[in-house]
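If you want the building blocks of each chain, they are given just below.
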Amino acid sequence: MDDLADRLAAVDARIADAARAAGRDPSAITRIVVTKFHPAEMAAHLYRLGVRDLGENRQQELTAKSAELGGLEGLRWHFIGQAQTKKARAIRAAASVVHSVDRERLADALEQAAGTGADVLDVLLQVNLTDDPDRGGVTPDALERLAEHVAGCRTLRVRGIMAVAPLDEHPAAAFARLAGYAQRLRTVVPDADWISAGMTADFAEAIAAGATHLRIGSAITGSRPVRN
Ligand SMILES: *Cc1c(COP(=O)(O)O)cnc(C)c1O
């Protein structure tokens, strides 16, 4: 696992290069390391290397790893996967940020899962950049309506927008559309200026298109073990 430090440093150098090439400040970009399918020990190792933002796409794995790592100072878990409403309480209990709010019912479930005196939960609205409804995300034409709804949830704070690039399109083209949706979101929630985009294969394009939060897995963790 000593390679982990090397891969992390190499990715961070590539992020800094891409940011400078785009005329952006690298320190304004949050690099989330996606640890899905890998053991909690790897997440703990990343923490020791200075990583403070970790991402998971399944509630059970999020819950298990956040429990195993305990309340490490400054550690934030980002939930980035498709979420069932019945998992909202568990997600809310473990995550600092939910990137994948894509329908009113999910927002309502997260809102209802807030205990008394709960902190406000940072959320992003996931938009679908494909024509395939199974990929998750609100369809772009319903974005403003969803934003109005979520903005009305007292314990949720809309921070921005999230998307996954389609497999069959150049990521730069897809992320250019996403930047337009981000602007539309800000007509409803003016300070929602986060853009969560960019994975191992396309983070440089995402940075060029204005991404503020990158979700990077395998370039840092190595290839994922087969899930059983
Ligand atoms: C797995 C995953 C990532 C990271 O993918 P890599 O290609 O390994 O970097 C990013 N975003 C989401 C939503 C994911 O599920």
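Model, not experiment: these values are computed from the prediction.

Calculation rules
- Residues numbered from 1 in each chain as written.
- Predicted model: local features only at pLDDT ≥ 70, side-chain atom pairs only at ≥ 80, totals over all residues.
- Heavy atoms only, no water.
- Helix = DSSP H or I, 4+ residues; strand = E, 2+ residues; numbered from the N terminus.
- Rg over C-alpha atoms; globule rule 2.2 N^0.38 Å.
- Buried < 20%, exposed > 50% of the residue type's maximum accessible area, 1.4 Å probe, protein only.
- Contact = heavy atoms within 4.5 Å.
- Areas by Shrake-Rupley, 256 points an atom, 1.4 Å probe, with all protein chains shown as cover.
- Core = buried A, V, L, I, M, F, W, Y, C linked by side-chain atoms within 4.5 Å.
- Axes fitted to C-alpha atoms, helices over the stretch in contact; angles between N-to-C directions.
- Parallel < 35°, antiparallel > 145°, perpendicular 65-115°, else oblique.
- Left-handed = near helix turned anticlockwise from the far one by under 90°.
- Salt bridge = Lys/Arg side-chain N within 4 Å of Asp/Glu carboxyl O.
- Phe/Tyr/Trp six-rings, centres within 6.5 Å; stacked < 30°, edge-to-face > 60°.
- Lys NZ or Arg CZ within 6 Å of the ring centre and 35° of its normal.
- Near = heavy atom within 4 Å.
- Polar contact = N/O pair within 3.5 Å; in protein donor to acceptor, adjacent residues only side chain to side chain.
- Pairing = 2+ DSSP bridges.
- Expected span 1.5 Å × (residues − 1).
- Arc of directions from axis to C-beta.

Scanning the protein from terminus to terminus reveals nine helices and eight strands. For 228 residues, the compact-globule estimate of 2.2 N^0.38 gives 17 Å, and the C-alpha radius of gyration of the protein, at 17 Å, lies within 12% of that figure. Based on the C-alpha atoms only, the size of the protein along its principal axes is roughly 45 × 40 × 35 Å. Burial status across the protein gives 52% buried among its 228 residues. For the protein, the share of sequence-separated contacts (at least 6 apart) that also reach a separation of at least 24 residues comes to 61%. Total accessible area on the protein is roughly 10700 Å²; 49% of this is exposed by carbon and sulfur atoms.

L54, V98, L125, V150, I161 and L178 are the most contacted members of the largest nonpolar core, which totals 67 residues. In this view, V150 contacts V101, A107, V123, L125, L156 and V158; residues no more than four positions away in its chain are not counted. Residues V34, V97, M162 and W194 belong to the second largest nonpolar core, which totals six residues.

Here the focus is the packing of helix α5 (residues 104–112) against helix α6 (residues 143–151). Close contact between α5 and α6 brings their axes to 10 Å; oriented N to C, the two are set at 10°. The angle between α5 and α6 falls in the class roughly parallel. Read as a crossing pair, α5 and α6 show a hand that is right-handed. Within the contact between the two elements, α5 uses E104, A107 and D108 and α6 uses R145, L146, H149 and V150.

Let's shift gears to the pattern of salt bridges. Following the criterion strictly, the structure yields eleven salt bridges and no others. The partner of D102 in a salt bridge is R103, with the nearest N and O atoms 2.9 Å apart. Overall, the relative accessible area of 30% leaves R103 in the partly exposed class. With its nearest N and O atoms 2.5 Å apart, the salt bridge here joins E169 to R177. Overall, the relative accessible area of 25% leaves E169 in the partly exposed class.

Bringing the packing of aromatic side chains into the picture now. Taken as a whole, this structure holds zero aromatic pairs when the rule is applied. Across from the ring centre of Y47, 3.7 Å away, lies the NZ or CZ of R52, which sits over that ring.

Okay, the site of the ligand next. Taken together, V34, K36, N57, I80, M199, T200, R215, I216, G217, S218 and R224 make up the full set of residues adjacent to the ligand. One nitrogen or oxygen atom from the side chain of R215 is found 2.9 Å from a nitrogen atom belonging to the ligand. Note that an oxygen atom of the ligand is positioned 2.8 Å from one of the backbone N or O atoms of G217. Contact with the protein chains removes 88% of the 390 Å² of surface that the ligand exposes when unbound.

Below, the discussion takes up the pairing of strand β8 (residues 213–216). What you see with β8 is no split at all: H213 and R215 on one side and L214 and I216 on the other are buried throughout. Alignment of strand β1 (residues 30–34) against β8, held across four bridges, turns out to be parallel. If you follow R31 over to β8, its bridge partner there is L214.

Our focus in this paragraph is helix α1 (residues 3–21). Taking 1.5 Å of rise per residue, the 19 residues of α1 would be expected to cover 27 Å, and the 27 Å separating its terminal C-alpha atoms lies within 8% of that figure. Considered for burial, the residues of α1 that qualify are L4, L8, V11, I15, A16, A18 and A19. Projected onto a plane normal to the axis of α1, the buried residues spread over an arc of 165° and lie on a single side. For α1, exposure combined with an orientation more than 90 degrees from the buried face picks out D6, R20 and A21. On its buried side, α1 packs onto β1, α2 (40–48), α8 (203–208), β8 and α9 (218–221).

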